[in-house]
Amino acid sequence: MSEQSEEKTVVVVGPDGTPIGTVGDRDDDPSRLIEQPAKVMRIGTMIKQLLEEVRSAPLDEKGRQRLKEIHRRSIVELEDGLAPELREELERISLAFEEGTIPTEAELRIAHAQLVGWLEGLFHGIQAALVAQQMAARMQLEQMRGRPALPPGVGGTTLPGGDPSRTPGQYL
């Protein structure tokens, strides 16, 4: 049996019935990049906390070996929760330690900092994409309504029962 994913796309049309754009297109949805968001957030938080702890503590050989294994397993678990394009990016940027060697404290700290930085960049990028998507949807909705897409309080809104030459925010 093959699993089929239903992709729902809503076509936004203008007042005259012509299409303006689409909402819900899977290619435009930044949340599709993280297939298991809760898992990625848990691992990201764990790695960040681990980096904070490692900064202040000297590590012996067993500690460095353990951190090397945690780093390797964290990347494997992260890849499991990401879309293929992000998996490929993570594999390209991840610092792989040679098999059979124990990395230095500096190498471990750099590898963990790199991973934390990548995760924070991922989260910020998705947040920015979601905000942009919301703004685009708002603008499309305003265009459908035939109103200019202006920020609240700006434009030709008059006060209730008031003078049309005065708009909210004009006190003097």
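Residues numbered from 1 in each chain as written. Predicted model: local features only at pLDDT ≥ 70, side-chain atom pairs only at ≥ 80, totals over all residues. Heavy atoms only, no water.

Draft legend 1. Representation of the packing of helix α2 (residues 61–80) against helix α3 (residues 84–93). Relative orientation of the contacting elements α2 and α3 amounts to 160 degrees, with a least axis distance of 9 Å. Here α3 runs roughly antiparallel to α2, going by the angle between their axes. As for the relative orientation of α2 and α3, their crossing is right-handed in sense. Side by side, α2 and α3 meet where Ile75, Leu78, Glu79 and Asp80 of the first sit next to Arg87, Leu90 and Glu91 of the second. Looking at side-chain class alone, the contact of α2 with α3 contains three nonpolar, no polar and four charged residues. (Axes fitted to C-alpha atoms, helices over the stretch in contact; angles between N-to-C directions. Helix = DSSP H or I, 4+ residues; strand = E, 2+ residues; numbered from the N terminus. Parallel < 35°, antiparallel > 145°, perpendicular 65-115°, else oblique. Left-handed = near helix turned anticlockwise from the far one by under 90°. Contact = heavy atoms within 4.5 Å. Nonpolar A, V, L, I, M, F, W, Y, C, P; charged D, E, K, R; others polar.)

Draft legend 2. Spatial organisation of the confidence of the model for the protein. Here the protein averages 75 in pLDDT, and 67% of its residues register 70 or above. Within the protein, the element-level pLDDT minimum falls on strand β1 (residues 10–13), averaging 54, and the maximum on α2, averaging 89. Within the model, pLDDT remains below 50 along residues 1–7, and this stretch shows one contact once partners closer than five positions in the same chain are excluded. (pLDDT = per-residue confidence, 0-100.)

Draft legend 3. Highlighting the pattern of salt bridges. Per the stated rule, a full pass over the model turns up six salt bridges. Residue arginine 109 pairs with glutamate 105 through a salt bridge whose shortest N-O separation is 3.1 Å. Separated by four residues within a single helix, arginine 109 and glutamate 105 lie in helix α4 (residues 105–145), roughly one turn from each other. In this structure, a network of salt bridges that share partners links the residues Lys39, Glu77 and Asp80. (Salt bridge = Lys/Arg side-chain N within 4 Å of Asp/Glu carboxyl O.)

Draft legend 4. Geometry of the environment of lysine 68. The topology assignment puts lysine 68 in helix α2. Overall, lysine 68 belongs to the buried group, its relative accessible area being 10%. The spacing of lysine 68 and proline 103 is 35 residues in sequence and 7.3 Å in space, taken between C-alpha atoms. Setting aside its immediate chain neighbours within four residues, lysine 68 contacts Phe97, Glu98, Glu99, Gly100, Thr101, Pro103 and Leu108. (Buried < 20%, exposed > 50% of the residue type's maximum accessible area, 1.4 Å probe, protein only.)

Draft legend 5. Quick look at empty space enclosed by the protein. If you walk through the whole model with that rule in mind, you get one cavity of 30 Å³ or more. Each pocket or cavity is described by its volume, and for the largest cavity that value is around 30 Å³. As for the largest cavity, its lining consists of His71, Ile75, Leu90, Ile93, Ser94, Leu95, Ala111, Gln114 and Leu115. Breaking the lining of the largest cavity down by element, the ones donating at least two residues are α2, α3 and α4. (1 Å grid on protein atoms, 1.4 Å probe; cavity = no way out; pocket = protein on both sides within 12 Å on 5 of 7 lines; lining within 4 Å. Points joined across faces, edges and corners; volume = space filled by probe spheres on them.)

Draft legend 6. Highlighting the environment of serine 94. With respect to the secondary-structure elements, serine 94 resides in the loop between α3 and α4. Looking at serine 94, the relative accessible area reads 22%, which means it is partly exposed. The sequence separation of serine 94 and histidine 71 amounts to 23 residues, and the corresponding C-alpha distance is 9.8 Å. In contact with serine 94, other than residues within four places in its own chain, are Ile75 and Gln114. Within the structure, the side chain of serine 94 is placed 2.6 Å from the backbone oxygen of leucine 90, a separation counted as a polar contact. (Polar contact = N/O pair within 3.5 Å; in protein donor to acceptor, adjacent residues only side chain to side chain.)

Draft legend 7. A look at the layout of surface pockets. By volume, the largest pocket is sized at about 280 Å³. Taken together, 16 residues line the largest pocket, and the ones lying closest to its centre are Lys68, Arg72, Ala96, Phe97 and Glu99. Classifying every residue of the lining of the largest pocket gives five nonpolar, five polar and six charged.

Draft legend 8. Spatial organisation of helix α1 (residues 37–56). Helix length check: α1 (20 residues) gives 30 Å between terminal C-alpha atoms against 28 Å at 1.5 Å per residue, within 8%. Among the residues making up α1, those that are buried are Lys39, Val40, Ile43, Gly44, Ile47, Leu50, Leu51 and Val54. Summarising the axial view, the buried residues of α1 lie within an arc of 130 degrees, below the 170-degree limit, and thus occupy one face. For α1, the exposed residues set more than 90 degrees away from the buried face come down to Arg42, Thr45 and Ser56. Against α2 and α4 lie the buried residues of α1. (Expected span 1.5 Å × (residues − 1). Arc of directions from axis to C-beta.)

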